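Each chain is listed here by its residues.
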Amino acid sequence: MRTNRVRNLEDFKTLADATRYVEQEKGLSHDEAREYIRSHLPHESYYQTKILQWLNKQPGVFAWKAAAGPYSRQGIPDICCVRYGRYYGFEVKRPLIGKPSKLQLKTIDQIRAAGGVAEIVTCQREVEVVFLREDER
C-alpha cells in the first residue's frame, strides 16, 4: 500500500536506494523519481547555512562563507574556518546528487598539500566527524 508520506531523502545512503524508494512509494518511473529527488532536496545553500551556524557556535573556531565572484579565486571550498590554528575548507554538496567539479577536487588536493584540511561534506555531522578525526591525530 502506497502512502503519500516519503521518508526524509537525506536519510538514504545512495541515490540508487532513494530512487528505488521513490519509484515504489510514488509510483514513478526511474527518471521521474530522480527528478522528484532533485526537486525535493533543499538547495546547497541550506546545508551551507546549517553548517556555518553550527561552526560559529564551536569553541576555537572562526568560520566564514567564501565569497564567489569575478575577483575571487575559483574552486575555493564553500566554507572556510580556522580551528585552533588549523585551516579547514568544506566543499558543501547536496546529499545524494551533489558532485564536486574537477577544479574543486584540485583545490582540495592543493589545500591538503599545503597542510590544511579540506573535505567534501553534506551536513553538520560530517564536519563533526572531520574534527573528531583530526583531534585523534
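Our subject is the structure listed above.
Colleague: Whenever I open this one, the packing of aromatic side chains confuses me. Can you help?
Modeller: Two numbers describe a pair of aromatic rings. These are the distance of the centres and the angle of the planes. The full count for this structure, using the stated rule, is 7 aromatic pairs. Through a chain of ring-to-ring contacts, the aromatic side chains of Trp54, Tyr88, Phe90 and Phe131 assemble into a single cluster. Above the face of the phenylalanine 131 ring, arginine 83 is positioned so that its terminal group lies 4.2 Å from the ring centre.

Colleague: What is the right way to read the nonpolar core from this model?
Modeller: Across soluble globular proteins, nonpolar side chains show a tendency to be buried alongside one another. Core analysis: the largest hydrophobic core is formed by 28 residues, its most contacted members being Ile37, Leu55, Cys81, Phe90, Val127 and Phe131. Beyond its immediate sequence surroundings of up to four residues, phenylalanine 131 is in contact with Trp54, Leu55, Val61, Cys81, Arg83, Tyr88 and Phe90.

Colleague: Teacher, can you tell me more about the packing of helix α3 (residues 44-55) against helix α5 (residues 124-136) here?
Modeller: The axes of two packed helices give the description: the angle between them and the distance between them. Running from N to C, α3 and α5 point in directions that differ by 45°, and their axes come no closer than 9 Å. Relative to α5, α3 is oriented oblique. Contact with α3, carried on its side by Ile51, Trp54 and Leu55, involves Gln124, Val127, Glu128 and Phe131 of α5 and no other residues of that element. Considering only residue class, the contact of α3 with α5 consists of 5 nonpolar, 1 polar and 1 charged.

Colleague: Which parts of the structure should I look at to understand the environment of lysine 26?
Modeller: Looking at the element boundaries, lysine 26 is found in helix α1 (residues 15-26). Along the backbone, lysine 26 and tyrosine 36 are 10 residues apart, and their C-alpha atoms lie at a distance of 9.5 Å.

Colleague: Help me understand the sheet that holds strand β3 (residues 86-92) in this model?
Modeller: Consider a sheet: its strands pair through backbone hydrogen bonds, and that pairing is either parallel or antiparallel. The sheet built from 4 strands is open, its strands ordered β1-β2-β3-β4 with mixed pairing. Strand pairing shows two members of the sheet lacking a second neighbour, β1 (61-65) and β4 (117-121), which therefore form its edges. The average angle at which neighbouring strand axes cross in this sheet is 20°, direction not considered. As paired elements, strand β2 (residues 79-83) and β3 share 5 bridges and run antiparallel to each other. By the bridge assignment for β3, arginine 83 is matched with arginine 86. The strands that helix α4 (residues 102-113) touches are β3 and β4; relative to β4, the one it contacts most, it runs at about 150°. Together, β1, β2, β3 and β4 form the strand contacts of α5, whose direction differs from that of β4 by roughly 150°.

The rules behind these values
Residue positions within a chain follow its written sequence, with the count starting from 1. Per-residue local features of the predicted model are confined to residues with pLDDT of at least 70, and side-chain atom pairs are confined, for both listing and counting, to 80 or more; whole-chain, interface and lining totals are unaffected and use all residues. Calculated side-chain values reflect all of the structure's heavy atoms, with hydrogen atoms and water omitted. Pairs were defined over the aromatic rings of Phe, Tyr and Trp, the Trp ring being its six-membered one, requiring ring centres within 6.5 Å. Orientation was assigned from the angle between planes: stacked under 30 degrees, edge-to-face over 60, tilted for the rest. Counting as a charge over the ring demands two things of the Lys NZ or Arg CZ atom: a distance within 6 Å of the ring centre and an angle within 35 degrees of the ring normal. Only buried residues count toward a nonpolar core, which is a set of Ala, Val, Leu, Ile, Met, Phe, Trp, Tyr and Cys residues joined through side-chain atoms within 4.5 Å. For every residue, the accessible area obtained with a 1.4 Å probe (protein chains only) is divided by the maximum for its type, and the residue is called buried under 20%, exposed over 50%, and partly exposed between those limits. Contacts are residue-level and defined by heavy atoms, with any inter-residue pair within 4.5 Å sufficient. Axis definition: a line fitted to C-alpha atoms, over the contacting stretch in the case of helices. Angles run 0 to 180 degrees between N-to-C directions. A run of DSSP states H or I qualifies as a helix once it reaches four residues; a run of E qualifies as a strand once it reaches two. Both are numbered from the N-terminal end. An angle below 35 degrees is treated as roughly parallel, one above 145 as roughly antiparallel, one from 65 to 115 as roughly perpendicular, and anything else as oblique. For this classification, Asp, Glu, Lys and Arg are treated as charged, while Ala, Val, Leu, Ile, Met, Phe, Trp, Tyr, Cys and Pro are nonpolar and the rest, including Gly, are polar. Pairs of strands are assigned from DSSP output, requiring at least two bridges between the strands.

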